[in-house]
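These are the residues of each chain, in order.
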Amino acid sequence: MSLPAEFHEIAKRVNNWGRWGEADERGTLNLITDAVVREAVATVRTGRRIPLALPLRQDGVQSGLIPGRINPLHTMVQINQEIFGPGTVATSDDAVTMGLQAATHWDALPHVSHSGKIYNGRPADTVTAHAGARFSSIAAVGHLVSRGVLLDVARARGVDRLPGDHAVTPEDLAAAEEFGGVRVRAGDIVLVRTGQMRLALAGDRDAYGYPSPGLSVRTPEWFHAQDVAAVANDTLTFEIFPPEIADLWLPVHALHLVEMGLLQGQNWNLEALSTACAEEGRYAFLLTAAPEPFAGATGSPVAPVAIL
C-alpha cells in the first residue's frame, strides 16, 4: 500500500533536502551553532543535574513488540583474572548484547526510509547488511549539547499520564510552552512528556508499549517552523500507536528522519525532570546527549543529562 497523498503533502512542506548542501549528513543538528550553545550554557543557574536515561538491564522496556530489539544481555567475560600472572593486579571485564534502540536512545536519520529514500534524497539501499548505514549513521552526530526545553504536555493538561489514544498536537505543544513560560527556539532539543514512562517504571512493559500516546502526524510542521534540532519523548514508539490514520504506520518517523533530517529519541525518562522543572518554575536547561559513535549504526543508546 502506497503512502497517502496527505503524507506526501506534509513531506513537501517540511523537506530539508539540500538545505545544508548535497553532502550533508547531520540534518537539523546543523542548527546547533556556537551561539546556540553559549545561550544554552547561560540557562544553568543551580547546577542541578537530572539524568534522563533508563538503566540498561535485561528486564528492560522491550517486550517483543518490536522484532529483534532485545533488552541488554550482560555477561562477565573476566572475573578477578590475574592476566599478567599470579599475584598481579586482577581485572573483571564485561560484554553486552543488545538492540541499540533497546532503552533510552537516539534514532539516526537512516533508521527509516520511505519511497526508496533516506535523508537528503540518498538511496535507501545505501544501508547494507555488512556496513550498516553508509550515510548519516549515528556516528555523524558527534557531540550533542544544546538548550533543552521540556514541553510537559501531561502536566499542562493537569494529568499524570495522557491516555493511550491521545495524539499530541501542535496545539498541545503550544499549550505546554505557555504552561512552562518558555518559547522553543532554533537549535533547541525539545523533550515532550506524555507521562507514559510511568507505566514502564511501574513494571508494566506491555501497557507501556501499547496503546501509547505520542506525536501526531501534524507535529512535524510545528517542529519545522520552530527550527528544532532534535526531539525526544518518554514512549516506546515516539508517535501515537496505533496510528491516528488507519494503516499509516510510522509517518512521524518518516517525516522527521527522512524528510527533515530531524534526530529523534525514545524511552527518555522525563519524570524527575518534570518534577524539577515544576519545582524551579522553569522549563529550559542545558542538555548534553551525545550518542555512542557506532560506525554505520542506525541508532545508539544515550545517557542524557539535563543541567538546571
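Conventions adopted
Residues numbered from 1 in each chain as written. Predicted model: local features only at pLDDT ≥ 70, side-chain atom pairs only at ≥ 80, totals over all residues. Heavy atoms only, no water. Phe/Tyr/Trp six-rings, centres within 6.5 Å; stacked < 30°, edge-to-face > 60°. Buried < 20%, exposed > 50% of the residue type's maximum accessible area, 1.4 Å probe, protein only. Lys NZ or Arg CZ within 6 Å of the ring centre and 35° of its normal. Helix = DSSP H or I, 4+ residues; strand = E, 2+ residues; numbered from the N terminus. Polar contact = N/O pair within 3.5 Å; in protein donor to acceptor, adjacent residues only side chain to side chain. Contact = heavy atoms within 4.5 Å. Pairing = 2+ DSSP bridges. Axes fitted to C-alpha atoms, helices over the stretch in contact; angles between N-to-C directions. Salt bridge = Lys/Arg side-chain N within 4 Å of Asp/Glu carboxyl O. Core = buried A, V, L, I, M, F, W, Y, C linked by side-chain atoms within 4.5 Å.

So, the packing of aromatic side chains
And then number 1: A complete count under the given rule lists 5 aromatic pairs for this structure.
And then number 2: Considering the side-chain rings of W222 and F223, the 5.6 Å spacing of their centres and the 85° angle between planes classify their relative orientation as edge-to-face. Neither W222 nor F223 differs from the other in exposure class; each is buried.
And then number 3: With a centroid separation of 5.7 Å and 55° between ring planes, the pair formed by F241 and W249 is classed as tilted.
And then number 4: Judged by relative accessible area, W249 falls into the partly exposed class, the value being 49%.
And then number 5: Here R122 stacks its cationic end above the ring of F135, 4.5 Å away from the centre of that ring.

Concerning the side chain of T126
And then number 1: Along the chain, T126 turns up in the loop between β4 (105–107) and β5 (127–128).
And then number 2: Within the local environment of T126, its side chain forms a polar contact with the backbone oxygen of P123, the two atoms lying 2.7 Å apart.
And then number 3: Here T126 is in contact with I118, G132, A133, R134 and F135, once residues within four sequence places are set aside.

Re the sheet that holds β4
And then number 1: The mixed open sheet is built from 9 strands, whose spatial order is β1-β15-β13-β7-β9-β11-β12-β4-β14. Every other strand in the sheet has two partners, leaving β1 (49–51) and β14 (299–301) as the edge strands with one partner each. Across this sheet, the average inter-strand angle for adjacent strands is 25°, counted without regard to direction.
And then number 2: Pairing of strand β9 (residues 189–193) with strand β11 (residues 230–233), which is carried by 4 bridges, proceeds in the parallel orientation. Across the sheet, residue V190 finds its bridge partner in β11, namely V231.

Some remarks on the pattern of salt bridges
And then number 1: Evaluated as defined, the whole model comprises 16 salt bridges.
And then number 2: The partner of R185 in a salt bridge is E39, and the shortest N-O contact between them spans 3.4 Å. Here R185 is found in the loop between α4 (170–180) and β9, whereas its partner E39 is found in helix α2 (residues 34–41), with 146 residues between them in sequence.
And then number 3: Residue classification places R185 among the partly exposed residues on the basis of a relative accessible area of 36%.
And then number 4: Between R155 and D152 there is a salt bridge, and its shortest N-O distance comes to 3.4 Å.
And then number 5: Classification of R155 by relative accessible area gives partly exposed; the value is 31%.
And then number 6: When its relative accessible area of 1% is taken as the criterion, D152 is described as buried.
And then number 7: When salt bridges that share partners are traced, they join D152, R155, D160, R193, R198 and E271 into one network.

Some points on the nonpolar core
And then number 1: Judged by nonpolar contacts, the single largest core of 59 residues is most densely connected at W106, L191, F223, W268 and L273.
And then number 2: Counting 7 residues, the second-largest nonpolar core is a separate cluster that includes L54, M197, L199 and A200.

Focus on the pairing of β9
And then number 1: Within β9, 5 of the 5 residues are buried, which leaves the element mostly enclosed by the surrounding structure.
And then number 2: What you see with β9 is no split at all: I189, L191 and R193 on one side and V190 and V192 on the other are buried throughout.
And then number 3: Sheet topology note: the strand β7 (residues 145–152)/β9 ladder contains 5 bridges and is parallel. In the sheet register, L150 faces β9, and the bridge partner there is L191.

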